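So the chains spell out like this:
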Amino acid sequence: MNALRYSGAFAGLALLAACSGGSETPAAEENAAAPAADAPAATPTPAAAEAPAADNTDTLDGTKFADMTGVAAEGEKVFIQCKTCHVKEAGQNRVGPSLAGIVGRAAGTVEGFNYSPANKNSGITWTPEKLFQYLEKPARVVPGTKMVFAGLPDAQKRADLIAYLQQP
């Protein structure tokens, strides 16, 4: 009986690990992120000050999306770790929003998904170059995002994933 209990707990942890090992309760995060009506405006955190501009696509590792050739079939394999929270089907939101048509879309605009203010107000348009940067380390590009995924340090995997997401 204990083995069954532990295997269930392990399976749950494995799912969470696919998105970098943790989950936050969206409602709790929203309540923490939303200041009271009479509270003074929060000053930006150092992380927010270090976020690249919406039109900046510089990566931490120095790679450029233009120098990469993504392979959609390989990107589909990379997407397996995204499936815990995202789907490519339009109109189907999970813990994260649908990624259908993400390339070219403004951040924070999928109908029916409750975005963090950081994402909704980022001013980002998800070009392949911006996705390439974001997927490297999401919290760097959008500090305060609800997405707990740590990122894909491998530039080729990022390019492959973007090629897959660009497919209909």
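We now turn to the structure provided with this report.

Cut-offs applied
- Residues numbered from 1 in each chain as written.
- Predicted model: local features only at pLDDT ≥ 70, side-chain atom pairs only at ≥ 80, totals over all residues.
- Heavy atoms only, no water.
- Helix = DSSP H or I, 4+ residues; strand = E, 2+ residues; numbered from the N terminus.
- Buried < 20%, exposed > 50% of the residue type's maximum accessible area, 1.4 Å probe, protein only.
- Contact = heavy atoms within 4.5 Å.
- Areas by Shrake-Rupley, 256 points an atom, 1.4 Å probe, with all protein chains shown as cover.
- Axes fitted to C-alpha atoms, helices over the stretch in contact; angles between N-to-C directions.
- Parallel < 35°, antiparallel > 145°, perpendicular 65-115°, else oblique.
- Left-handed = near helix turned anticlockwise from the far one by under 90°.
- Nonpolar A, V, L, I, M, F, W, Y, C, P; charged D, E, K, R; others polar.

Topic: the overall build of the protein chain
Consideration 1: Scanning the protein chain for helices and strands turns up eight helices and zero strands.
Consideration 2: Listing every helix and strand of the protein chain by position from the N terminus yields α-α-α-α-α-α-α-α.
Consideration 3: Looking at the protein chain residue by residue over its 168 residues, the buried ones come to 34%.
Consideration 4: Pairs at least 24 apart in sequence give 57% of the contacts found in the protein chain among residues at least 6 apart.
Consideration 5: Of the accessible surface of the protein chain, which amounts to about 9,900 Å², a share of 58% is contributed by carbon and sulfur atoms.

A closer look at the packing of helix 6 (residues 128-136) against helix 8 (residues 155-166)
Consideration 1: Running from N to C, helix 6 and helix 8 point in directions that differ by 130°, and their axes come no closer than 10 Å. Overall, the two elements helix 6 and helix 8 adopt an arrangement that is oblique. Our pair here, helix 6 against helix 8, has a crossing hand that is right-handed. In contact with Pro128, Leu131, Phe132, Leu135 and Glu136 of helix 6, helix 8 contributes Ala155, Arg158, Ala159, Leu161, Ile162 and Gln166.
Consideration 2: For the contact of helix 6 with helix 8, the per-class residue count stands at eight nonpolar, one polar and two charged.

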